[in-house]
Amino acid sequence: MKHINLILALITLTLFSCGDDFLNEPPLDRITDADVWSDKALTDAYLFQIYENMPWDYLKDFGGGAGGGAHRDVLSDLAMSTYSWTPATNQFRPGIWGTANNSWPMDWWGYGNLWKINYAIENIESAGSDVFTDEERNNRLGELHFLRAFSYFEMAKRYGGVPIILEAQDPDTTPEAELFPPRNTEKEVYDQVLSDTQLAFDLLPNRWTDQKGRADRWAAKSLESRSALYAASIAKYSTVQLNGLVGVPASDADSYYQVSLNASNKILSEGGYTLFDRYPNKSDNYANLFVDETEDETIFRKIWLPFEKGHSYDLRNVPYSYRVDWGASMSPTKQLVDSYEVLSTGLLPSEPGSGYDENNPWENRDPRLKGTILTNADPFQGSRVEIWYGTDRGDGIDTESGTGIGKDGIGVHPDATKTGFYVRKYLQDGGAPLFIKQYYSGQDCILFRLGEIYLNAAEAAFELGLEDAARDYIEPIRTRAGLQQNLRLQAQSGIELRDRIRHERKLELAFEDQRYWDVRRWRIATEALSIQVEGVRTLRSIDGFGNETFTYETFDAEALPMNFDERHYYMPIGQGRINNNTKLIENPLYD
């Protein structure tokens, strides 16, 4: 195990090192384990490899063979997978999965990473002053405690309680009882996460001055804000089962909400971040938040380098006619589009008096709609997105390619949208089609940002009975978005206010790998993710004078309705892991 980790670290070092320093390192075939921990550059290379193996990057797709290039948000009510043959379409969305086929794109049993983290902690703690100053040592230990906290958080939100291992085990010397420990309770895992985040906050620098992508103290405090909110939600809205292996006692809900609120307030008051607000057009402002790579709002990100160390988000998600290959892997749902309020009234399109115009359904709406989703005739990369399925010139509907159907329309190709919408968020834009190749995308993946912290604070404050404070936290988000009515959600109170805060989170954090986990922790996924997904078919009409108009028709976009079973609130541990460690107990309802 040590030799494998050393090799991985050295591979990473060759990717991250620059300048002449690397030339002074010993030859790769002569580096020993001791060399790694007696050399700061090699130690950092080891840490960088741990960063690379973390499960946080939602821009990177989940593989052509298993996931068909899709992303985890296609498991939510935000979008469906465009490709009909993927497990997302055929297994996960209709809920036809269990212990035998739970790998894509959910499963993450992070003990390989945890071994590396614990091993690094032990070695950095014992490294001499000739390797690290006290500050350098503390900073790296802070990173490792943050990474350990994130690893356990990712497992807790999947499985509930898992074994807590805080030492690097060695099969040759570690007693068998410690090599194969039982599961800790879900509460104990969340408490370990919070313990590590606090320690990380105390050890990490306020900012890394010259190394983007390394966690600082505000990344740790953001993880505390998020993970405590999850623990509180589980305590309030779930039940304890299997003697606490899943579920958190209801009596702990308020204390966890308070921890989350305190962490959020610390970031808001001392972190030095501001909501991104650089563009007068609010739709463009929201879209550019995810591509400009500024330091205004972003607290922690995964760094990508275009052409050198890139991902394939653009290749996988651009509208059909802009693609090099694949494209449009996520088709946003009409249910998501209908969630954006009418700008002039602050009401949802379905509410009486909303002012919704069915002839111009995507206009006069929350600006985040056009910052998140591409609708028919929207400009993108130098031309407009053409989503109509056919053209009526008065003598029948022409659905032929090149004359009747839009270049991005439903039915133009199996890889085109299945719902009548495309994703805009995180896509690179420009004055002409970019035709970005595989691994050539360089947008950084934002993992924590100030917008989420305001939403965390609003939710925690509401759950603690502080409605006025919750309104104080939600107002900056809605104002930055460019909304005009009901900015403090003053029209709602009680459960209606709670639901509107949740609704705001759905829109603000759409396609940031939050929605699926949110509806699970609120224990509303059995309703929110058991729906018939709808889309919109757009028909173009051209009169005798050449005037162009569009009409819109709602349709069922998916053959099988989504289905989320009660058992899916936790993922299965899996028979393979239980065979390896018989002390592990399977989660409820997986027989």
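Residues numbered from 1 in each chain as written. Predicted model: local features only at pLDDT ≥ 70, side-chain atom pairs only at ≥ 80, totals over all residues. Heavy atoms only, no water.

### Focus on the pairing of strand β11 (residues 534-542)
So, point 1. As judged from the three bridges shared by strand β7 (residues 390-392) and β11, these two strands associate in the parallel manner. Looking across to β11, one finds that D392 is bridged to S541.
So, point 2. One ladder, built from nine bridges, connects β11 with strand β12 (residues 548-556); its direction is antiparallel. Each bridged residue has a counterpart across the sheet, and for G535 the counterpart in β12 is F555. (Pairing = 2+ DSSP bridges. Helix = DSSP H or I, 4+ residues; strand = E, 2+ residues; numbered from the N terminus.)

### Topic: the packing of helix α3 (residues 40-52) against helix α6 (residues 111-126)
So, point 1. As a packed pair, α3 and α6 sit with axes 10 Å apart at the nearest point and diverge in direction by 155°. Here α3 lies roughly antiparallel to α6, going by the angle between them. Handedness of the crossing formed by α3 with α6: left-handed. Within the contact between the two elements, α3 uses T43, Y46, L47 and I50 and α6 uses N113, W115, K116, I117, Y119, A120 and I124.
So, point 2. Grouping the constituent residues of the contact of α3 with α6 by class yields eight nonpolar, two polar and one charged. (Axes fitted to C-alpha atoms, helices over the stretch in contact; angles between N-to-C directions. Parallel < 35°, antiparallel > 145°, perpendicular 65-115°, else oblique. Left-handed = near helix turned anticlockwise from the far one by under 90°. Contact = heavy atoms within 4.5 Å. Nonpolar A, V, L, I, M, F, W, Y, C, P; charged D, E, K, R; others polar.)

### Quick look at helix α9 (residues 186-203)
Along an α-helix, a turn takes 3.6 residues, which lines up residues three or four apart on a common side.
So, point 1. The end-to-end C-alpha distance of α9, which contains 18 residues, comes to 26 Å, matching closely the 26 Å that a straight helix rising 1.5 Å per residue would cover.
So, point 2. All buried positions along α9 are accounted for by E186, V189, Y190, Q192, V193, L194, D196, T197, A200, F201 and L203.
So, point 3. Residues of α9 that are buried make contact with α7 (134-159), α10 (217-237) and α11 (253-270). (Expected span 1.5 Å × (residues − 1). Buried < 20%, exposed > 50% of the residue type's maximum accessible area, 1.4 Å probe, protein only.)

### Comments concerning the nonpolar core
Soluble, globular proteins show a tendency: their nonpolar side chains are buried together.
So, point 1. Membership of the largest hydrophobic core comes to 151 residues, with the highest contact counts inside it found for Y46, W56, L144, F146, L147, Y152 and F300.
So, point 2. Here F146 is in contact with W56, A200, A215, A219, A220, L223, F300 and F448, once residues within four sequence places are set aside. (Core = buried A, V, L, I, M, F, W, Y, C linked by side-chain atoms within 4.5 Å.)

### A word on the environment of I387
So, point 1. One can find I387 in the loop between β6 (383-384) and β7.
So, point 2. For I387, a relative accessible area of 1% puts it in the buried group.
So, point 3. The spatial distance from the C-alpha of I387 to the C-alpha of R537 is 8.3 Å, given a sequence separation of 150 residues.
So, point 4. Residue contacts for I387: discarding those within four places in its chain leaves L374, T375, N376, D408, G409, I410, T417, G420, F421, Y422 and T538.

### Observations regarding the environment of R316
So, point 1. Inspection of the secondary structure assignment puts R316 in helix α13 (residues 313-317).
So, point 2. Note: C-alpha distance between R316 and M330 (14 residues apart in sequence) is 8.4 Å.

### Observations regarding the side chain of Q492
So, point 1. Structurally, the position occupied by Q492 is in the loop between α17 (467-481) and α18 (494-508).
So, point 2. A polar contact is formed between the side chain of Q492 and the side chain of N486, at a distance of 3.0 Å.
So, point 3. Not counting residues up to four positions away in its chain, the partners in contact with Q492 are R471, N486, L497 and R500. (Polar contact = N/O pair within 3.5 Å; in protein donor to acceptor, adjacent residues only side chain to side chain.)

### Some remarks on the side chain of T89
So, point 1. As for its placement among the helices and strands, T89 is situated in helix α5 (residues 87-92).
So, point 2. On the basis of relative accessible area, T89 is assigned to the buried category, the value being 13%.

### Quick notes on a negative patch on the surface
So, point 1. A contiguous patch of negative charge, built from E122, E125, E167 and E178, is present on the exposed surface.
So, point 2. With respect to the secondary-structure elements, E125 resides in helix α6. (Patch = residues over 30% accessible without salt bridge, like charges linked within 9 Å, V, L, I, M, F, W, Y side chains within 5 Å. Areas by Shrake-Rupley, 256 points an atom, 1.4 Å probe, with all protein chains shown as cover. Salt bridge = Lys/Arg side-chain N within 4 Å of Asp/Glu carboxyl O. Lys, Arg positive; Asp, Glu negative; His and termini not counted. Charge placed at Lys NZ, Arg CZ, Asp CG, Glu CD.)

### As for the packing of aromatic side chains
Any pair of aromatic rings gets described here by the distance separating the centres and the angle formed by the planes.
So, point 1. Applying the stated criterion across every chain yields a total of 34 aromatic pairs.
So, point 2. Above the face of the W326 ring, R316 is positioned so that its terminal group lies 4.3 Å from the ring centre.
So, point 3. Of note, R537 hangs over the ring of Y389, and the distance from its end group to the ring centre comes to 4.0 Å. (Phe/Tyr/Trp six-rings, centres within 6.5 Å; stacked < 30°, edge-to-face > 60°. Lys NZ or Arg CZ within 6 Å of the ring centre and 35° of its normal.)

### A few points about the pairing of strand β2 (residues 298-302)
So, point 1. With five of five residues buried, β2 lies mostly within the body of the structure.
So, point 2. Pairing geometry for β2 and strand β10 (residues 445-449), over four bridges, is antiparallel. Across the sheet, T298 pairs through a bridge with R449, a residue of β10.

### Observations concerning α18
So, point 1. Spanning 15 residues, α18 covers 21 Å between terminal C-alpha atoms, matching the ideal 21 Å at 1.5 Å per step.
So, point 2. Burial analysis of α18 places 11 of its 15 residues in the buried class, which makes it a mostly covered element.
So, point 3. By the burial criterion, the buried members of α18 are L497, R498, R500, I501, R502, H503, E504, R505, K506, L507 and E508.

### Some words on the sheet that holds β11
So, point 1. Across the sheet, four strands lie side by side as β8-β7-β11-β12; this open sheet has mixed pairing. Each having just a single partner strand, β8 (397-398) and β12 make up the two edges of the open sheet.
So, point 2. Relative to β8, β7 is paired through two bridges, and the arrangement is antiparallel. Across the sheet, D392 pairs through a bridge with I397, a residue of β8.

### Description of the packing of α9 against α10
So, point 1. At a minimum axis distance of 8 Å, the contact between α9 and α10 shows a crossing angle of 160°. When the axis of α9 is compared with that of α10, the two are roughly antiparallel. Relative to α10, α9 is oriented so that their crossing is left-handed. For the pair formed by α9 and α10, the contact residues are E186, Y190, V193, L194, T197, Q198, A200 and F201 on the first element and R217, W218, A220, K221, L223, E224, S227, A228, Y230, A231 and I234 on the second.
So, point 2. Here the residues of the contact of α9 with α10 are counted per class, giving 12 nonpolar, three polar and four charged.

### Things to note about the pattern of salt bridges
So, point 1. Tallying each qualifying case throughout the model produces 54 salt bridges.
So, point 2. Of the charged contacts in the structure, one is a salt bridge between R214 and D44, with a shortest N-O distance of 3.3 Å. Here R214, found in the loop between α9 and α10, pairs with D44, found in helix α3; they are 170 residues apart in sequence, far enough to count as distant. Each member of the pair, R214 together with D44, is buried.
So, point 3. Between R480 and E297 there is a salt bridge, with its nearest N and O atoms 2.7 Å apart. Taken as a pair, R480 in helix α17 and E297 in the loop between α12 (282-288) and β2 lie far apart in primary sequence, 183 residues in all. Here R480 matches E297 in class, with each residue buried.
So, point 4. The structure contains a network of salt bridges with shared partners spanning E297, E341, D366, R368, K425, R449, R478, R480, R500, E504, E508 and E512.

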